[in-house]
Amino acid sequence: MNEAHLSLDELAELAEGLLARRKASAAQAHLDTCDACRARADALDHTTAALRELGPVAMPADVVARLDRALAGAAQAPPGETMVPDLGAVRRRRRAAVSWPYAAAASVVAIAVIAVGVTTIGRHHPESAGSSASTAEAPLVSTSAPSQPLVQQESGQTYTPTSLAALAPQLLSATADSAAGSGAGGVGSPSVLAPGAPAPQNGVRLGPSTTAQTAPKAAGALPGATGAQEFATTNRVPAPLRHYADSRAALLACAAYITDTPHASPLAVDFARWSNPSAHLHNAPSVIFVFADPDDVHLLDVYVVAPTCNSSSLRDFTEVRRPGS
Amino acid sequence: MSAPSLGDADLLAQHVAGDPNAFGELVVRHRDRMWAVALRTLGNPDDAADAVQDALLSAYRGAAGFRGNSAVTTWLHRIVVNACLDLTRRRAVRPTQPLLIEPATNAPDAISRRDTAITVTEALRSLPAEQAAAVVLVDIEGFSVDEAAQILDVPTGTVKSRCARGRARLAEQLHDLDPRRDSGTDRNDVPSSRVESLEPTKNKEKK
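All figures in this text were calculated on a predicted structure; none of them were measured in a lab.

Considering the overall build of chain A
Argument step 1. Counting its regular elements, chain A contains 12 helices and seven strands.
Argument step 2. Residues classed as buried in chain A amount to 35% of the 325 residues present.
Argument step 3. Taking the intrachain contacts of chain A between residues at least 6 apart in sequence as the baseline, contacts between residues at least 24 apart amount to 63%.

This is how it looks when you write it as structure tokens:
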């Protein structure tokens, strides 16, 4: 007979039928002859019985009231937004180093830049003004994964809840293609931005002039590829998204807002359109954001965001497997 | 209350179709059970309230995604349990604070048993959330292992294993037992609250 006593885990697994047949019969044989183990098995049974005897619990009145308020608030959301994920819930899923809304931080930074500029220029130290300004602005352009460039596409194509999980990861392969200089150019013309690349001037597209070392061949095919304006000839960016296509700071501020992560660094974005019949949306201009999942290196977090980029702008959210993992 | 004869699925369909009262009726029907699951899985009323609110809001907004191939109760439990587990993962980086849970009102056996140093509800708080959720669903709420597997989105074997390990850990605490030996009386370091036992307990789960 097996003289070793059975652990509580083993006894519980035996009771649940989880032990392999040979092990189970040995355990049962031991149990039949060992009072100590039988007492422990009884204690397990008592525990399960005590669990079954736990009665119902009523939700406290204050929680009921709180729920009613929350649901009343949800009922006031416009009907087109009721069938979409809750940005608050998605945001809370992400680890946030700081919880204040990023938009507020961005304006504080902007004010700081102006203030520094004024005071230092007054003291005739323009260089120090410049360096202070770039320090102050660092949160806008720094990324949490400095080696990871941002691929920016302007496919203008229409994503749907069905195609999103398949198409979004392809934005990343465009990154790889571009970095390798093969310029395979999947959907649209990707422009790969080195981390820390300066935000472009107003009205100028992000283009080869800011990304010379990683510019895709597709861009190089344009005559005189140094001209950002020529690269900007694509007009597939839906007009409401032009603001984000033109300003990397605006894009990153939106990324930070939707993820509730001040230094959010998307792996890829696409200026595109979104159709979701159940939400009554058809070719609605939308930014597709692809992030590394903060909890699982094998996952990508994909956000579909309306141009307004506010608390009701999340049109869809999905986690997809990172290609090749 | 207006339509007691309607099934849960009908109410959900009416909500999706725009009936402003249908979801409220569903909530009235199920909120106590949602609350019990969240409270016993998380062991903390504040967290439970957060989780239930998150869950019901996302159920409200995601009702159109209900496929109808499971019971509405299963679907609702799935959303609540996910909200609880999400919340636990977010809390994992923070120190846990001591919080009291009101003892179950209806557990005469557990309370009256002389050798029970702590109540079942208290002991539940020492379990890793995944184990607690499995035990709560199967042993307390009475879901079948198959239903619990649907709710937790794991294989049935995983549900059984989490239940078994959870029960073993509960028995260890409730009956002051050593997990491996039968020397139940000479142990004096049995964790008496989640505060002491939470972190080591969670780490042990990976073995």
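Description of the pairing of strand β6 (residues 299-305) of chain A
All names here are of chain A.
Argument step 1. Of all the seven residues making up β6, six are buried; the element is thus mostly covered by neighbouring parts of the structure.
Argument step 2. Sheet topology places strand β5 (residues 281-292) next to β6; six bridges connect them, and they run antiparallel. Bridged to Phe289 within β6 is Tyr303.
Argument step 3. Once β5 ends, the chain turns through six residues before running back antiparallel as β6.
Argument step 4. Pairing of β6 with strand β7 (residues 314-321) involves seven bridges; the strand directions are antiparallel.

Some remarks on helix α3 (residues 45-62) of chain B
Argument step 1. With 18 residues, α3 of chain B extends 25 Å between its outermost C-alpha atoms, agreeing within 8% with the 26 Å of an ideal straight helix rising 1.5 Å per residue.
Argument step 2. In terms of burial, α3 of chain B is largely enclosed, as 14 of its 18 residues are buried.

Digging into the packing of helix α7 (residues 129-140) of chain B against helix α8 (residues 145-152) of chain B
If you want to describe how two helices pack, look at the angle between their axes and the distance between the axes.
Residues and elements named next belong to chain B.
Argument step 1. For the pair α7 and α8, the least separation of the axes is 9 Å and the interaxial angle reads 140 degrees. The orientation of α7 relative to α8 falls into the category oblique. Handedness of the α7/α8 crossing: right-handed. Contacts from Ala133, Ala134, Leu137 and Val138 of α7 reach α8 at Val145, Ala148, Ile151 and Leu152.
Argument step 2. Here the residues of the contact of α7 with α8 are counted per class, giving eight nonpolar, no polar and no charged.

Topic: the confidence of the model for chain A
Residue and element names in this part refer to chain A.
Argument step 1. In this model, chain A carries a mean pLDDT of 69, and residues with pLDDT of at least 70 account for 59%.
Argument step 2. Per-element mean pLDDT across chain A ranges from 36 in helix α10 (residues 228-231) up to 94 in helix α1 (residues 8-15).
Argument step 3. Across residues 78-83, confidence stays below pLDDT 50; counting only partners more than four residues off in sequence or on other chains, it has 10 contacts.
Argument step 4. Below a pLDDT of 50 lies the segment residues 95-147, which in the model reaches 54 contacts outside its immediate sequence neighbourhood of four places, other chains included.

Thoughts on the interface of chain B and chain A
Argument step 1. Listed per partner, the contact involves 49 residues of chain B and 42 residues of chain A.
Argument step 2. Of all the elements in the fold, those that place two or more residues in the side of chain B that touches chain A are α2 (22-42), α3, α4 (72-91), α5 (108-112), α6 (120-124), α7 and α9 (156-174) of chain B.
Argument step 3. Its residues assigned to classes, the side of chain B that touches chain A shows 26 nonpolar, eight polar and 15 charged.

What to know about the pairing of β5 of chain A
A regular strand carries its side chains on alternate faces of the sheet.
All names here are of chain A.
Argument step 1. When strand β4 (residues 268-276) meets β5, the two strands line up antiparallel, connected through eight bridges. Looking across to β5, one finds that Trp274 is bridged to Ala284.
Argument step 2. Counting the residues between successive antiparallel strands, the hairpin from β4 to β5 contains four residues, one of them, His280, with a positive phi of roughly 60 degrees.

As for the packing of helix α4 (residues 61-75) of chain A against α2 of chain B
Argument step 1. The interhelical angle for the contact between α4 of chain A and α2 of chain B, taken along N-to-C directions, is 140 degrees, at an axis separation of 12 Å. Taken together, the axis directions place α4 of chain A and α2 of chain B in an arrangement best described as oblique. Handedness of the crossing formed by α4 of chain A with α2 of chain B: right-handed. Where α4 of chain A approaches α2 of chain B, its residues Val63, Val64, Leu67 and Leu71 of chain A are matched on the opposing element by Phe23, Gly24, Val27, Arg31 and Trp35 of chain B.
Argument step 2. Of the residues contributing to the contact of α4 of chain A with α2 of chain B, the split by class is seven nonpolar, one polar and one charged.

Focus: the confidence of the model for chain B
Low pLDDT marks stretches whose predicted atomic positions should not be read closely.
Residue and element names in this part refer to chain B.
Argument step 1. For chain B, per-residue confidence averages 77 on the pLDDT scale, and residues scoring 70 or more make up 71% of the total.
Argument step 2. Here residues 94-117 is a poorly scored stretch, pLDDT under 50, and it has 34 contacts once near neighbours within four places are set aside; other chains count.
Argument step 3. Below pLDDT 50 for its whole length, residues 182-207 participates in 34 contacts with residues either more than four positions away or in separate chains.
Argument step 4. Reported confidence for the predicted complex is 0.74 by ipTM and 0.49 by pTM.

Parameters at a glance
Residues numbered from 1 in each chain as written. Chains lettered and ligands numbered in written order. Predicted model: local features only at pLDDT ≥ 70, side-chain atom pairs only at ≥ 80, totals over all residues. Helix = DSSP H or I, 4+ residues; strand = E, 2+ residues; numbered from the N terminus. Buried ≥ 20, exposed ≤ 12 C-beta atoms within 10 Å, placed from the backbone. Contact = placed C-beta atoms within 7 Å. Pairing = 2+ DSSP bridges. Expected span 1.5 Å × (residues − 1). Axes fitted to C-alpha atoms, helices over the stretch in contact; angles between N-to-C directions. Parallel < 35°, antiparallel > 145°, perpendicular 65-115°, else oblique. Left-handed = near helix turned anticlockwise from the far one by under 90°. Nonpolar A, V, L, I, M, F, W, Y, C, P; charged D, E, K, R; others polar. pLDDT = per-residue confidence, 0-100.

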